[in-house]
Amino acid sequence: MKALRWHARGDVRLDEIPNPPEPESDEIQLEVLWCGICGTDVEEWQNGPYLVTNAPLTLGHEISGRVLKIGKKVTEFKIGDRVGVDGLSGCETCEFCLANKVNLCKDLSAVGFMSNGGLAEFLNVSANVCVKIPDNAPDEAGALAETLSVSIRALKRAKFKAGESVTVIGAGAVGLLAAQAARALGAKDVIIFEKLENRKEIAKELGFNKVYDPTEFN
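### Let's talk about the sheet that holds strand β5 (residues 62–70)
Consideration 1: Spatially, the 5 strands line up as an open sheet ordered β9-β3-β5-β6-β10, and their pairing is antiparallel. The open sheet has two free edges, formed respectively by β9 (122–126) and β10 (130–132), since each of these has just one partner strand. Mean inter-strand twist for the sheet, computed between neighbouring axes without regard to direction, equals 45 degrees.
Consideration 2: Two strands pair when backbone bridges link them, and strand β6 (residues 82–85) and β10 are joined in this way by 3 bridges, in the antiparallel orientation. Looking at β10, one finds that G84 is bridged to V131.
Consideration 3: Against the sheet, helix α3 (residues 141–157) touches β3 (27–36), β5 and β6, its axis set at about 130 degrees to β5.

### Quick notes on the sheet that holds strand β4 (residues 57–58)
Consideration 1: The strand order across the open sheet built from 3 strands is β2-β1-β4, with neighbouring strands paired in antiparallel fashion. Unpaired on one side and paired on the other, β2 (11–16) and β4 mark the two borders of the sheet.
Consideration 2: Bridge analysis of strand β1 (residues 2–8) against β4 gives 2 bridges, and the strand direction is antiparallel. Paired with R5 across the bridge in β4 is T58.

### Focus on unusual backbone geometry
Consideration 1: A cis geometry characterises the amide bond from G48 onward to P49, with omega recorded as 10 degrees.
Consideration 2: Along the chain, the position of P49 falls in the loop between α1 (39–47) and β4.
Consideration 3: With an omega of 0 degrees, the peptide bond running from A55 to P56 counts as cis.
Consideration 4: Structurally, P56 is set in the loop between α1 and β4.
Consideration 5: At N100, a position not held by glycine, the phi torsion is positive, near 60 degrees.

### Description of the packing of α3 against helix α4 (residues 173–184)
Consideration 1: Their axes nearest at 8 Å, the elements α3 and α4 cross at an angle of 60 degrees. Viewed along their axes, α3 and α4 adopt a mutual orientation that is oblique. The two elements α3 and α4 cross, and the hand of that crossing is right-handed. Between α3 and α4, the residues in contact are L144, T147, L148, V150, S151, I152 and L155 and A173, V174, L177, A178, A181 and A182, respectively.

### A closer look at the side chain of T58
Consideration 1: Relative to the helices and strands, T58 resides in strand β4.
Consideration 2: Exposure remark for T58: the relative accessible area of 2% places this residue in the buried category.
Consideration 3: Not counting chain neighbours up to four residues away, the residues in contact with T58 comprise A3, L4, R5, I17, G112, S115, N116, G117, L119 and A120.

Rules behind the numbers
- Positions within a chain are numbered from 1, following the residues in the order the chain's sequence is written.
- Per-residue local features of the predicted model are confined to residues with pLDDT of at least 70, and side-chain atom pairs are confined, for both listing and counting, to 80 or more; whole-chain, interface and lining totals are unaffected and use all residues.
- Excluded from the side-chain calculation are hydrogens and water; included are all heavy atoms of the structure.
- In short, DSSP must find at least two bridges between two strands for them to pair.
- Secondary structure counts use DSSP, requiring at least four H or I residues in a row for a helix and at least two E residues in a row for a strand, with both numbered from the N terminus.
- Only the stretch in contact is used when fitting a helix axis, every axis being a line fitted to C-alpha atoms; angles between N-to-C directions are given from 0 to 180 degrees.
- Only heavy atoms enter the contact rule, under which two residues are in contact if any of them lie within 4.5 Å.
- An angle below 35 degrees is read as roughly parallel, one above 145 as roughly antiparallel, one from 65 to 115 as roughly perpendicular, and any other as oblique.
- Crossing handedness is read from the near helix: turned anticlockwise from the far helix by less than a right angle, it gives a left-handed crossing, and turned clockwise, a right-handed one.
- Burial classes: relative accessible area under 20% of the type maximum marks a residue as buried, over 50% as exposed, and values in between as partly exposed (1.4 Å probe, protein chains only).

Interpretation in functional terms is not warranted from these geometric data alone.
What follows is the structure, encoded as C-alpha cells:
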C-alpha cells in the first residue's frame, strides 16, 4: 500500500509499504476514507521531531475509515461500519484516564505520531479510540470529528451561552469550526479576525459577514 511517512525533519515521502498485519484482539483494521493534514503534521515535517517517536512513521491523525477486519475481542463494530478515530489513547486505568483527562496520562499514545497514522490506504487502530459515523453523515465527517471537538471544547471552556456574541481569532480549521459551532448553538453574532485572504474568503462562503483583517485596527 501507499503511505505518507515521516523519515526525518524535512523528509516526508510517499512510500510503498506492506499492508498492515491482521488486527490484534482489541483492534480493527480500516480502509482509510479520508485523512486530514493538520498543522501539527506540517510542524513535524518542517521542524520536528516534536511528537514523532520513531521513524519511518506514517503521519495522519484526522481519520475516517471503513472497517475491514475485526479483532477477536471487538464487539462494538462490524465489518462495513464507518468510523472516526480519536487520535489519543491512554492506559485506561490511571487517575487521569478515569477522569477523562487522557492527555495527561504518562502512557499517552498518539496515532500518527507514536504509532502509524491514517495517511495510508489501510490502518490498524484500537477499537476503543473509534466512534461510529452516523448513517446520515458523510464519510469526511469522521475526519473532522477530532478538530470539531477541539472547537466545541473551546466554547465550553469559555462558558459560552446562546444569545452571546463570539469573536474568533484565526480562520483556520479549528477557528472556522468554532465559528460554525457557535452559530449552531445560538450565538447572537460571530466576528472573525483573519489576515490571510484565502481564509477570509472561506469564512465569507460559510455565511459569516463580519470578517476583518486585524491589521486594520492597528
